[in-house]
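Remarks on the overall topology
Listed below, chain by chain, are the residues.
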Amino acid sequence: LNIPVGILPLPDCKSCIVSSVGRIWKLTDTDDDGKADKREILLSGFGTEDTHGMTNSFTLLPDGWVYATHGYKNTSKVKGTDGSTITMQSGNTYRFRPDGSHVEHWTFGQVNPFGMTVDPWFNLYTADCHSKPITQLIRGAYYDSFGKPHDGLGFAPHVTRHDHGSTALCGLAWYDADHFPKEWKGCMFLGNVVTNRINADRIVWHGSTPEGKELPDFLVSRDPWFRPTDIKLGPDGALYVADFYNKIIGHYEVDLHHPGRDKDHGRVWRIVWKGTDGKAKPPKMPRADWTKATLQELYFDARQSLNLTVRSIARSEALRRLGKDAAPETATARLATLLTDHNGPDPATKLPDDSPALANLLLLVHLRSESSDQDATVRRWASQLLTATPRFQRAWVEALIAHPHADNVAPLVALIQKCPAEDTHLRHAARIALRNTLHDAKGGWAAAETADPAVIGDVAAGVHTKEAAAFVLKQVQAGKAEPRFCEHVGRYGDDAQAAAAVAALKEKPAPVFAVQSLVRGLQARGGKVPPDTTAVAEAACVRAMKKPNVYTLAATSDLAGELKLANLFDPLAKFAANAKRPEGQRATAMTALVQIDPVKAAPVLGRTLTDAKAPDGLRERAAAALAGANVPAAREALLAALSAAPARLSVAIATGLASSPQGAVTLLDAIKQGKASPRLLQEKGVAFRIALHDGGKLKPRMDELTRGLPSVDARVGELIRTRAASFGKAKPSAVLGKKVFTQHCAACHQIGGEGQKIGPQLDGIGNRGAERLLEDILDPNRNVDAAFRATVLNLADGRTLTGLLVREEGQVLVLADAAGKEVRVPRADVEKRTTTTLSPMPANFDTAIPEADFHHLLAYLLEQRAKDSPAR
């Protein structure tokens, strides 16, 4: 087995399901000797590009499905034996039958979910790094990830708003047992491998919506190798903790063969309550072997046990026995009836949350909704939605998600209208159920015609069909030109509908964002831009330029550049030259100028390049914009600025020139003529780009020009040692360091929810220590996580674009450049796509940030570590 991070013992006590890179296996002991002598492949096709994001957290529920998470970066195409197929890219959750017969999606998104648990009411939760520590899963929902779009309904809500001071939270466990003191019941525990502790949250409820209230840390270890990666509630009521126990957390931190990697000392801890006097007896397992229990004993444990794990095991074993001679749906229906005394009490009756009757009735709803022949029952639940209690509302809505029917439209719309604002999970689940109804149910759109158009329009944005586009178009024509509506018409409508949207925007002038969204939708579909689009876009841009702000200017610049609006050139040029305007806004305008008319833009940007009084960052952005033009006038402007450019700017110019074959030759000629330093060719970003051209034929010239120069590694090593020494003598300010972070880093990185999630989140990064942080900042290409390696796009016009591929929108690839700005590239323009071993992060922070500011930044980053708190 290779990296078996998903392990599930099955109720028969003779077999288990286990992951191994690329596959899920079922291992069985057929002769009772304690060893698996039978190996079966249940599912295969799991991606292996990034092996710290493998499928994990297998969780068996009483419905007979195994639920699991799919980790970051990898793309997987998985097929069940019945022909069912799903494709997952990066964070997702899914489920499959224990025999591998069927597989299906459950939720979409999250970054790298690792750890899954279930509460007493059969809600699933995951832990995730880089988004939120705790997420309650809503079937069919989309969750935020790195740059990925949602489905049109927006991202589903999370349970927590805090992040426990870390980026790597995993191994989630819900506590529902009678061993710990009662105040721990209804709490969640999760492992924090960065800060070496176990965090805790108390769950409070707003209707059917859970909210995590941060508690003091449950356990704190002073051992920096303590890595709690998974936590389980045992049948005895104790917590069991898997401890990775390693100096190295992520495989990308150092080389795979680094001697600091430990391969021998993983641990499993058992945490028990000893009482306030330390004399309480340790808990005991309630039963040695559930396969030997009678059905009556199993039903009692399943219904009455005070331990959630015991109830789960008993239900699964009962289901196994009932399913020996029945189909899965029949077995679950029989189990539902047995556990709830047939129909049980009226579901509208208000039962206490800790009532076994409530839990079993909710299980009844869950199990019956799994049957394909339950449409009549589900419609009856729909008709009672407004009179039910929140927990039943939520359970019934989850059933409606799986059973779309036109009759569900009216009750779902009514529920959405009357849902309390604080019950965010119920509202989002109801919108998903309505979305599925409009997408899949016969007569769904006919039923929607008489419903509240505001509710239908809101949900229609998540339905990717021409019928939905037609409904949304009516909203645009009525003057409700929300950007998401305009984008939807462009992407999912046809050319006639797009033309009608343009006509509506012409008749009732809309903000520039609406026109930009319509154009982006057309780009994603690969559709034709209607003839009047240019005039409508130009008018919207002119209106926006009268009172520009950071948002309207960005939209104006992008739209003017994408459509090459010539009449916007002079206003944008004037804006770009205005020294009173913010640097980022001026840079955005410069990029648009090059897109509109690169020849005319070359002297405009060239003046900024050679202006010693202009901000360094703006001069670098001007160089990048000119390099993107790949015309002689732009190369001449770059070359003219190169000889007198300071070190930081010369690297930016050299990188830009190296991005095209013609520019690479121009750069080598300039260095040979003494107009630039040959050390520029030692910059990894420059050397890599040149190597992409002409099949490496330029390498001999590079070798000749760099012969005799000290190695790059030696220079960077000396730089790190020098900065470490100067930092030790400095008196830096973390307060000032936060400002430096905001200026130079927040465009791509996030700390405490502030900044952008393009690169890795940096919460808890201070635990790495000063030496490691110096390496990360000053030599970002040393060890690059596969998830954050730069992508190179070779375009048909000879240009080369490099950045982090953040998402794909239909026929458009979206890159983030070194400044965190998104660059949209039509697929049709790309001849070749290559993933590099380089980081998109600039490698010039030694010159980009003054040394004193660098010390402040380092102090601020070192402060990002968990504060010590007493163990409880």
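For the structure itself, consult the block above.
An account of the accompanying structure is given in this report. The structure presented is a predicted model; accordingly, all values stated were derived computationally and were not measured.

Bringing the overall build of the protein chain into the picture now. Counting its secondary structure elements, the protein chain contains 30 helices and 29 strands. Compactness check: the protein chain gives a C-alpha radius of gyration of 30 Å against a globular reference of 29 Å for 872 residues, within 12% of the reference. Principal axes of the C-alpha set define a box for the protein chain whose edges measure 90 × 65 × 50 Å. The buried share of the protein chain, taken over its 872 residues, is 56%. Intrachain contacts of the protein chain at a sequence separation of at least 6 include 61% that bridge at least 24 residues. Entry remark: accessible area of the protein chain is about 37,100 Å², with carbon and sulfur atoms responsible for 53%. Mean positive and mean negative side-chain charge positions of the protein chain (108 and 98 charges, respectively) differ by 3 Å.

This part is about the nonpolar core. Residues Phe-189, Leu-434, Leu-572, Leu-605 and Ile-653 are the most contacted members of the largest nonpolar core, which totals 182 residues. Setting aside anything within four residues of it in sequence, one finds Ile-653 in contact with Leu-609, Ala-623, Leu-638, Ala-641, Leu-642 and Ala-645. One finds Phe-741, Ile-777, Leu-857 and Tyr-860 within the second-largest nonpolar core, a separate group that totals 25 residues.

Let us now look at the packing of aromatic side chains. Taken as a whole and assessed by the stated rule, the structure comprises 21 aromatic pairs. Ring geometry for Trp-184 versus Phe-189: centroids 5.6 Å apart, planes at 35 degrees, classification tilted. With respect to burial, Trp-184 and Phe-189 carry one shared label: buried. One aromatic cluster is present, built from ring pairs that chain together Tyr-175, Phe-180, Trp-184, Phe-189 and Phe-218.

Taken in spatial order, the 3 strands of this open sheet run S20-S21-S22, and their pairing is antiparallel. Both outer strands of the open sheet, strand S20 (228-233) and strand S22 (267-271), are each paired with one neighbouring strand and no more. Taking the axes of each pair of neighbouring strands and ignoring which way they run, one obtains an average angle of 20 degrees across the sheet.

All right, on to helix H4 (residues 356-368) then. Here H4 contains 13 residues, and its C-alpha end-to-end distance of 18 Å stays within 8% of the 18 Å for a straight helix at 1.5 Å per residue. In terms of burial, H4 is a largely internal element, 11 of the 13 residues being buried.

It is worth spelling out unusual backbone geometry at this point. Located in the positive-phi region is Gln-110, a residue other than glycine, with phi close to 75 degrees. With respect to the helices and strands, Gln-110 occurs in the loop between strand S10 (103-109) and strand S11 (112-118). We classify Gln-110 as buried; its relative accessible area is 0%. With phi around 55 degrees, Lys-564 is a residue other than glycine that occupies positive phi space. Its place among the elements puts Lys-564 in the loop between helix H16 (550-563) and helix H17 (569-576). A relative accessible area of 52% means that Lys-564 is categorised as exposed.

Tracing the backbone shows Pro-826 in strand S28 (residues 822-826). Distance from Pro-826 to Val-814, taken between C-alpha atoms, is 8.8 Å for residues 12 residues apart in sequence. Every residue in contact with Pro-826, bar those within four places of it in the chain, is listed here: Gln-811 and Val-812.

Attention now moves to helix H8 (residues 424-440). Taking 1.5 Å of rise per residue, 17 residues should cover 24 Å, and H8 covers 24 Å from first to last C-alpha, within 8% of that figure. The element H8 is largely enclosed, with a buried count of 13 among its 17 residues.

Right, let's talk about the pairing of strand S21 (residues 239-243) for a bit. Taking every second residue as pointing to the same face, the buried face of S21 carries Leu-239, Val-241 and Asp-243, while none of Tyr-240 and Ala-242 on the other face is buried. Hairpin connection between S20 and S21: a loop of 5 residues separates the two successive antiparallel strands, and Gly-237 in this loop has a positive phi of roughly 95 degrees. With 5 bridges connecting them, S21 and S22 associate as antiparallel partners. Paired with Ala-242 across the bridge in S22 is Val-268.

This part covers the state of the cysteines. The tally for this structure, following the rule as stated, stands at 0 disulfides. No disulfide involves Cys-748; its nearest neighbouring cysteine sulfur is the one of Cys-745, lying 8.9 Å away.

All right, on to the pairing of S28 then. Here strand S27 (residues 812-816) runs beside S28; their pairing, made up of 5 bridges, is antiparallel. Counted as the bridge partner of Leu-813 is Val-825 from S28. Linking S27 to S28, which pair antiparallel, is a turn of 5 residues; within it Gly-820 sits at a positive phi near 85 degrees.

Moving on to the packing of helix H18 (residues 583-596) against helix H20 (residues 616-627). Orientation of H18 relative to H20, taken along the N-to-C sense of each, is 15 degrees, at an axis distance of 9 Å. Accordingly, the angle class assigned to the pair H18 and H20 is roughly parallel. Helix-helix and strand crossings are classified by hand; for H18 and H20 the assignment is right-handed. Contact residues: H18 offers Glu-583, Arg-586, Ala-587, Thr-588, Met-590, Thr-591 and Val-594, while H20 offers Gly-617, Leu-618, Arg-621, Ala-622, Ala-625 and Leu-626. Within the contact of H18 with H20, the residues separate by chemical class into 7 nonpolar, 3 polar and 3 charged.

So, how was this worked out
Residues numbered from 1 in each chain as written. Predicted model: local features only at pLDDT ≥ 70, side-chain atom pairs only at ≥ 80, totals over all residues. Heavy atoms only, no water. Helix = DSSP H or I, 4+ residues; strand = E, 2+ residues; numbered from the N terminus. Rg over C-alpha atoms; globule rule 2.2 N^0.38 Å. Buried < 20%, exposed > 50% of the residue type's maximum accessible area, 1.4 Å probe, protein only. Contact = heavy atoms within 4.5 Å. Areas by Shrake-Rupley, 256 points an atom, 1.4 Å probe, with all protein chains shown as cover. Lys, Arg positive; Asp, Glu negative; His and termini not counted. Charge placed at Lys NZ, Arg CZ, Asp CG, Glu CD. Core = buried A, V, L, I, M, F, W, Y, C linked by side-chain atoms within 4.5 Å. Phe/Tyr/Trp six-rings, centres within 6.5 Å; stacked < 30°, edge-to-face > 60°. Pairing = 2+ DSSP bridges. Axes fitted to C-alpha atoms, helices over the stretch in contact; angles between N-to-C directions. Expected span 1.5 Å × (residues − 1). Disulfide = S-S within 2.5 Å. Parallel < 35°, antiparallel > 145°, perpendicular 65-115°, else oblique. Left-handed = near helix turned anticlockwise from the far one by under 90°. Nonpolar A, V, L, I, M, F, W, Y, C, P; charged D, E, K, R; others polar.

So yeah, pure geometry; function would need other evidence.
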